[in-house]
Amino acid sequence: MKIWLDGELRDADSARVSVFDHGLTVGDGVFETLKAEDGRAFALTRHLHRLTASARGLGLPDPDEDEVRRACDAVLAANPVPLGRLRITYTGGHSPLGSDRGEAGPTLVVALGETARRPDTTATITVPWTRNERGALTGLKTTSYAENVVALARARQQGASEALFANTVGQLCEGTGSNVFVVLDGELHTPPVESGCLAGITRALTVEWTGAKETDLPLDVLERAEEIFLTSTLRDVQAVTRNDGRQLGDGPGPVTAKAMRIFAERAAADFDPR
Ligand code: PLP
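Now for a quick tour of the structure. Given the structure is predicted, the values throughout are model-derived calculations rather than measurements.

1. Comments concerning the nonpolar core
Moving on, step 1. Residues Leu86, Ile88 and Val110 are the most contacted members of the largest nonpolar core, which totals 23 residues.
Moving on, step 2. Ignoring sequence-local partners within four residues, the contact set of Leu86 consists of Glu32, Thr33, Leu34, Ala41, Cys72, Val75, Leu76, Val110, Ala111 and Leu112.
Moving on, step 3. The next biggest cluster of nonpolar side chains, apart from the first, holds 18 residues, and it includes Val183, Ile201, Trp209 and Ala212.

2. Focus on the site of the ligand
Moving on, step 1. Taken together, 16 residues sit near the ligand, with Lys141, Tyr145, Glu174, Thr202 and Thr233 positioned nearest.
Moving on, step 2. Here a nitrogen atom of the ligand and a side-chain polar atom of Glu174 are 2.7 Å apart.
Moving on, step 3. A distance of 2.6 Å separates an oxygen atom of the ligand from a polar atom in the side chain of Thr202.
Moving on, step 4. Contact with the protein chains hides 95% of the accessible area of the ligand, taken as 380 Å² for the molecule alone.

3. Section: a nonpolar patch on the surface
Moving on, step 1. A cluster of nonpolar residues, Val19, Phe20, Leu24 and Leu97, forms a patch on the protein surface that exposes about 440 Å² of accessible area.
Moving on, step 2. Its place among the elements puts Leu97 in the loop between strand S5 (83-91) and strand S6 (107-114).

4. Focus: the sheet that holds strand S3 (residues 29-37)
Moving on, step 1. Taken together, the six strands give an open sheet; going across it, the order is S2-S1-S6-S5-S3-S4, and neighbouring strands pair in antiparallel fashion. Unpaired on one side and paired on the other, strand S2 (8-11) and strand S4 (40-41) mark the two borders of the sheet.
Moving on, step 2. Two strands pair when backbone bridges link them, and S5 and S6 are joined in this way by eight bridges, in the antiparallel orientation. By the bridge assignment, Thr91 is partnered in S6 with Thr107.
Moving on, step 3. Where helix H2 (residues 44-58) meets the sheet, it contacts S3, S4 and S5, and its direction lies at approximately 170° from that of S3.

5. A closer look at the state of the cysteines
Moving on, step 1. According to the stated counting rule, one finds zero disulfides in the structure shown.
Moving on, step 2. Considering cysteine sulfurs only, Cys197 is the nearest to Cys173, which forms no disulfide, with 5.4 Å between them.

6. Thoughts on the packing of helix H5 (residues 201-210) against helix H6 (residues 254-269)
Moving on, step 1. Packing of H5 against H6 brings their axes to within 10 Å, and their N-to-C directions diverge by 105°. With respect to H6, the axis of H5 lies roughly perpendicular. Between H5, through Thr202, Leu205, Thr206, Trp209 and Thr210, and H6, the contact on the second element is made entirely by Ala259, Ile262, Phe263, Arg266 and Ala267.
Moving on, step 2. Classifying every residue of the contact of H5 with H6 gives six nonpolar, three polar and one charged.

7. Topic: a positive patch on the surface
Moving on, step 1. A grouping of Arg85, Arg87, Arg118 and Arg156 is seen on the molecular surface, where their side chains present a positively charged patch.
Moving on, step 2. Its relative accessible area of 57% is what places Arg156 among the exposed residues.

8. Comments concerning the packing of H2 against helix H3 (residues 65-78)
Moving on, step 1. The interhelical angle for the contact between H2 and H3, taken along N-to-C directions, is 130°, at an axis separation of 10 Å. In this view, H2 runs oblique relative to H3, as classed from their interaxial angle. For the element pair H2 and H3, the recorded crossing hand is right-handed. Contacts between H2 and H3 pair Leu44, Thr45, Leu48, His49, Leu51 and Thr52 from the former with Glu65, Val68, Arg69 and Cys72 from the latter.
Moving on, step 2. Residue classes in the contact of H2 with H3 are distributed as five nonpolar, three polar and two charged.

Quick notes on the rules
Counting from 1, residues in each chain are numbered in the order their sequence is written. Where local features are concerned, this predicted model is filtered to residues with pLDDT of at least 70; where side-chain atom pairs are given and counted, the filter is 80 or more; whole-chain, interface and lining totals use all residues. Note that water and hydrogens are dropped before the side-chain values are worked out from all heavy atoms of the structure. Throughout, nonpolar core names a set of buried Ala, Val, Leu, Ile, Met, Phe, Trp, Tyr and Cys residues whose side chains join them through atoms within 4.5 Å. For the exposure calls, accessible area comes from a 1.4 Å probe over protein chains only, and a residue counts as buried if that area is under 20% of its type's maximum, exposed if over 50%, partly exposed in between. Any pair of residues with heavy atoms lying within 4.5 Å of one another is described as a contacting pair. We call a residue near a molecule or strand when any one of its heavy atoms sits within 4 Å of it. Throughout this description, a polar contact denotes any pair of N or O atoms lying within 3.5 Å of each other; where both atoms belong to protein, one of them has to be capable of donating a hydrogen while the other can accept it, and for residues adjacent in sequence the pair is counted only when both atoms sit in side chains. Per-residue and other accessible areas follow the Shrake-Rupley method at a 1.4 Å probe size, with only the shown protein chains counted as cover for residues. Any residue with relative accessible area above 30% and no salt bridge may belong to a patch, with like charges joined within 9 Å and the nonpolar Val, Leu, Ile, Met, Phe, Trp and Tyr side chains within 5 Å. When a carboxyl oxygen of Asp or Glu lies within 4 Å of a side-chain nitrogen of Lys or Arg, that pair is called a salt bridge. In DSSP terms, a helix is any run of H or I states spanning at least four residues, a strand is any run of E spanning at least two, and both are numbered starting from the N terminus. The criterion for strand pairing is that DSSP finds at least two bridges linking the strands in question. Only the stretch in contact is used when a helix axis is fitted, and all axes are lines through C-alpha atoms; the angle between N-to-C directions ranges over 0 to 180 degrees. Two cysteine sulfur atoms form a disulfide, by the criterion used here, when they sit within 2.5 Å. These descriptions rest on fixed angle ranges, namely under 35 degrees for roughly parallel, over 145 for roughly antiparallel, 65 to 115 for roughly perpendicular, and the rest for oblique. Asp, Glu, Lys and Arg are counted as charged, while Ala, Val, Leu, Ile, Met, Phe, Trp, Tyr, Cys and Pro are counted as nonpolar; the rest, among them Gly, fall into the polar class. His residues and chain termini do not enter the charge count, which takes Lys and Arg as positive and Asp and Glu as negative. For this purpose, a charge sits on NZ of Lys, CZ of Arg, CG of Asp or CD of Glu. Left-handed describes a crossing whose near helix is turned anticlockwise from the far helix through less than a right angle; right-handed describes the clockwise counterpart.

Read these as layout, nothing more, since geometry by itself doesn't imply function.
Here it is in structure tokens:
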């Protein structure tokens, strides 16, 4: 497996990042996960822009989007897989313990893993912890994902693949690595980014392509929604057929099935929607 590290392709087994890299020591870094099909990364331009926005939010120097694009292309060309998970990591770089970040400039890593298509349906749980809708990191895709790791582990213990958070004022927010949509009286809704969720790229395209409404929703909407689905880069649109103890049918409901169809068609027709 070849990865990109600081300006060149290298063997993943021998590539080395400093043990004093700020991404490792304090989680001072940002990342993107992209879906790659047949050597092309889906919605690359949107992911590059979000990477830059997250880096700015952390006070990191702007990544050179052309370089990151070249790195993605090089990694995809060097590792042909039918369906891949492309990961861009950009950190504050290394510096001796106790000194400020970035003396040697940021670290850029691009790597690829082969992945499988996700099932059309899944189960979720809600967790008692909250997303902060007004924090310094709200809306930034930083490498500080430990809270998501803990929530996801709880979901897996309970036979689910995703955990859903409310924000600090009790509104539905998002999952550990996905956005959430609900159907109420036949209409599709998703929490607004002001709820504290990540501005998911799949979410934005789904809103644009289906006309879903961005609505403040209390967490208990999950107990009465006719349908629930998740969106993310690797899930695309995925129906939730069980949330906590509540069963919602055994397959995608009609609104979800339509959103899945629309997403698949539009994404195939426009691989890098701007
Ligand atoms: N919310 C969080 C916290 C995420 O980490 C992700 C994806 O990584 C998403 C939502 C979904 O975003 P996207 O559709 O861009 O993958």
